[in-house]
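Reading the structure
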Amino acid sequence: MVKYFLPLCVAAWPAFALAAAFNLPASEPATPLTLQTALALAADANADLSAARHELSATDGAVQQAGLLPNPTLEVERVDRKRADDVRETTFLISQPLELGGKRSARVQAAERGRDSAAAALTARQAEIRANVIDAWFAVLAAQEQLRLAQESSELAQRAAQATGRRVVAGKVSPVEETRAKVAAASVTLELLRARSELAVARKKLSAMWGNPSPRFEKADGDIDQLPALPDQAMLHHRLAQAPAMALARSELASRQSLAQVELSRRVPDVTLNLGSKRSEELGRSQLIVGFSVPLPLFDRNQGNVLETARRVDKARDELSSTALRLDSDLAQAREDFDLAREQALALRTDIVPGAQSAYAAATTGFENGKFGFLDVLDAQRTLLDARSQYLNALAQAHRAHAAITRILGAEQ
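The rules behind the values
Residues numbered from 1 in each chain as written. Predicted model: local features only at pLDDT ≥ 70, side-chain atom pairs only at ≥ 80, totals over all residues. Heavy atoms only, no water. Helix = DSSP H or I, 4+ residues; strand = E, 2+ residues; numbered from the N terminus. Buried < 20%, exposed > 50% of the residue type's maximum accessible area, 1.4 Å probe, protein only. Contact = heavy atoms within 4.5 Å. Areas by Shrake-Rupley, 256 points an atom, 1.4 Å probe, with all protein chains shown as cover. Patch = residues over 30% accessible without salt bridge, like charges linked within 9 Å, V, L, I, M, F, W, Y side chains within 5 Å. Salt bridge = Lys/Arg side-chain N within 4 Å of Asp/Glu carboxyl O. Arc of directions from axis to C-beta. Pairing = 2+ DSSP bridges. Core = buried A, V, L, I, M, F, W, Y, C linked by side-chain atoms within 4.5 Å. Axes fitted to C-alpha atoms, helices over the stretch in contact; angles between N-to-C directions. Left-handed = near helix turned anticlockwise from the far one by under 90°. Nonpolar A, V, L, I, M, F, W, Y, C, P; charged D, E, K, R; others polar. pLDDT = per-residue confidence, 0-100. Phe/Tyr/Trp six-rings, centres within 6.5 Å; stacked < 30°, edge-to-face > 60°. Lys NZ or Arg CZ within 6 Å of the ring centre and 35° of its normal.

A short note on the overall build of the protein
- Counting secondary structure elements, the protein contains nine helices and four strands.
- Reading the secondary structure of the protein in the N-to-C direction produces α-α-α-β-β-α-α-α-α-β-β-α-α.
- In the protein, which comprises 413 residues, the share counted as buried stands at 35%.
- The contacts of the protein with a sequence gap of at least 6 include a subset with a gap of at least 24, amounting to 78%.
- Total accessible area on the protein is roughly 24500 Å²; 56% of this is exposed by carbon and sulfur atoms.

Some remarks on a nonpolar patch on the surface
- A surface patch of nonpolar side chains, about 500 Å² in accessible area, is lined by Leu 98, Leu 100, Val 268, Leu 273, Phe 292 and Val 294.
- Its location among the elements puts Phe 292 in strand 4 (residues 285-293).
- Judged by relative accessible area, which is 62%, Phe 292 ranks as exposed.

A look at helix 6 (residues 233-241)
- Leu 236, Arg 239 and Leu 240 are the residues of helix 6 that are buried. Each buried residue of helix 6 sits inside an arc of 110 degrees when the element is viewed along its axis, so together they form one side. Relative to its buried face, helix 6 has exposed residues pointing more than 90 degrees away, namely Ala 234 and His 238.

Notes on the pairing of strand 2 (residues 89-98)
- Across seven bridges, the pairing between strand 1 (residues 73-79) and strand 2 is antiparallel. From the neighbouring strand, Val 79 faces strand 2, where its bridge partner is Glu 89.
- Two elements, strand 2 and strand 3 (residues 271-280), share 10 bridges in a ladder whose sense is antiparallel. Pairing of Ser 95 across the sheet is with Asn 274, part of strand 3.

What about the nonpolar core?
- With 71 residues, the main nonpolar core has Val 133, Trp 137, Leu 206 and Trp 210 as its most contacted residues.
- Looking at this core, the elements that each hand over two or more residues are helix 2 (35-45), helix 3 (47-66), helix 4 (103-169), helix 5 (175-207), helix 6, helix 7 (244-265), helix 8 (303-368) and helix 9 (374-409).
- With 15 residues, helix 8 is the single largest residue contributor to this core.
- Residues contacting Trp 137, with those up to four places away along its chain left out, are Leu 33, Thr 34, Leu 35, Ala 38, Leu 206, Ala 220, Asp 221 and Gly 222.

Focus: the packing of helix 6 against helix 8
- Two elements in contact, helix 6 and helix 8, have axes whose closest approach is 11 Å; the angle formed by their N-to-C orientations is 145 degrees. As for how helix 6 packs across helix 8, the hand of that crossing is right-handed. Along the contact surface, helix 6 presents Gln 233, Leu 236, His 237 and Leu 240, while helix 8 presents Leu 327, Asp 328, Leu 331 and Arg 335.
- A per-class count over the contact of helix 6 with helix 8 returns four nonpolar, two polar and two charged.

Side note on the environment of Asp 223
- As for its placement among the helices and strands, Asp 223 is situated in the loop between helix 5 and helix 6.
- Residue Asp 223 is classed as partly exposed on the basis of its relative accessible area of 44%.
- A C-alpha to C-alpha distance of 9.7 Å links Asp 223 and Ala 142, two positions 81 residues apart in sequence.

Some words on the sheet that holds strand 4
- Spatially, 1-2-3-4 is the arrangement adopted by the four strands of the open sheet, whose pairing is antiparallel. The sheet is open, and its two borders are formed by strand 1 and strand 4, each paired with just one other strand. Strand-to-strand twist across the sheet, computed as the mean angle between neighbouring axes with direction ignored, equals 15 degrees.
- The sheet contact formed by strand 3 and strand 4 spans nine bridges and is antiparallel. Its bridge partner lying in strand 4, Gly 276 is registered against Ile 289.

Concerning the confidence of the model for the protein
- On average, residues of the protein carry a pLDDT of 84, and 86% of them reach 70 or more.
- Across the protein, helix 7 holds the top mean pLDDT of 95, while helix 1 (residues 2-22) sits lowest at 40.
- Segment residues 1-25: pLDDT under 50, and five contacts once partners within four positions in sequence are set aside and those in other chains are kept.

A word on the environment of Gly 165
- Structurally, Gly 165 is set in helix 4.
- Residues Gly 165 and Thr 179, 14 residues apart in the sequence, show an inter-C-alpha distance of 9.2 Å.

Description of unusual backbone geometry
- Phi at Asn 302 takes a positive value of approximately 60 degrees, unusual for a residue other than glycine.
- Along the chain, Asn 302 turns up in the loop between strand 4 and helix 8.

Comments concerning the packing of aromatic side chains
- Under the defined criterion, the tally for this structure stands at one aromatic pair.
- Over the ring of Phe 217 we find Arg 203, and its NZ or CZ is 4.7 Å from the ring centre.

Section: the side chain of Gln 146
- With respect to the helices, strands and loops of the structure, Gln 146 is situated in helix 4.
- When neighbours within four sequence positions are excluded, Gln 146 is seen to be in contact with Ala 195, Ser 389, Leu 392 and Asn 393.

Concerning the pattern of salt bridges
- Overall, the coordinates contain 19 salt bridges when judged by the stated rule.
- For Lys 103, the salt bridge goes to Asp 270, with nearest N and O atoms at 2.7 Å. With Lys 103 in helix 4 and Asp 270 in the loop between helix 7 and strand 3, this residue pair connects regions lying 167 residues apart in the sequence.
- Among the ionic pairs, Asp 314 bridges to Arg 311, the shortest N-O distance being 3.0 Å. On the criterion of helical spacing, the pair formed by Asp 314 and Arg 311 is a turn pair, its members being three residues apart in helix 8.
- For Asp 314, a relative accessible area of 30% translates into the label partly exposed.
- What you see here is one network of salt bridges that share partners, running through Glu 145, Arg 148, Glu 152 and Arg 388.

Shown next, in the form of structure tokens:
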């Protein structure tokens, strides 16, 4: 048995090695998927988050490089005027640039501000991915409920068609009523097919958040009727000041200011120190060479780069103000959408859906007893289905608005 099992292990080993080398995302468990599990899967295997983490790691190298001193230069020169060893002159010269004007410290500070921007971008990306996962997970939950509603509607339509058929056989109603019942049942069947398709699409969108094109989870495990609570207006505005997008805009402004300081420091010319020795075979002695060189800032004083970075600082400052206004407007809109959807859902759940359910039950009972026509049953059924669909849409809109608020404010610490 070993001689058959060992080749299989050897053949499977490259696949395991490849997965370990490239850190391929693991598939979600083939069980009901909770929201926390979906968030954990996306946090570990989302490609956008991985890219942002790599960008943050890359800035460590930029900080390290910014703090390095410039390399010295070794120059060797040999002069042989008469192709004779006794008249040969050899010069060894080492040149070391000396940075003045705080260039090195300005570079390090600019690199550190760049790292802060990368960290803020990662935080903003995490907030966005978290909100997208929440939105996609509740979309699956709503699609499941829509499918369940379509299945119930199909059963109701089938029962109505059967009841109509019995009444036609009994001679109590016209065969036209049976045709109408069958048409209604067929229409509900089309809605059932559409609901199944929408659920399949929603499941694929959710599993794509952690890089799995073929979802394995059975269903989203949660209660769509449970709406989250929001803090008061004062707390929302307090959290808005610390929103990921605001932190990113502030870090971009600080980075631009640091880059402007780098360009200002480059206006001061650097000095190059030269130290070496010159050996003359004709004189039989060596001479010490000491000197320095400095560029004369007569034409190029880095004025163009200074002006460019100054204007980019102004741009970043305006973008910070624009971001604050945009986030305030988006938060107010999302809060208004959430309140409206919640009120609609509560009204539908407490009054409209129960009333429509009672009306349909009464119409069905009356039709079976010959007190109502089939059109009354169809109207009551259509009203009930519309009320249930509106209720689910209101719940989905409320959860979608809450996800938008989460996207703006980020996860509460």
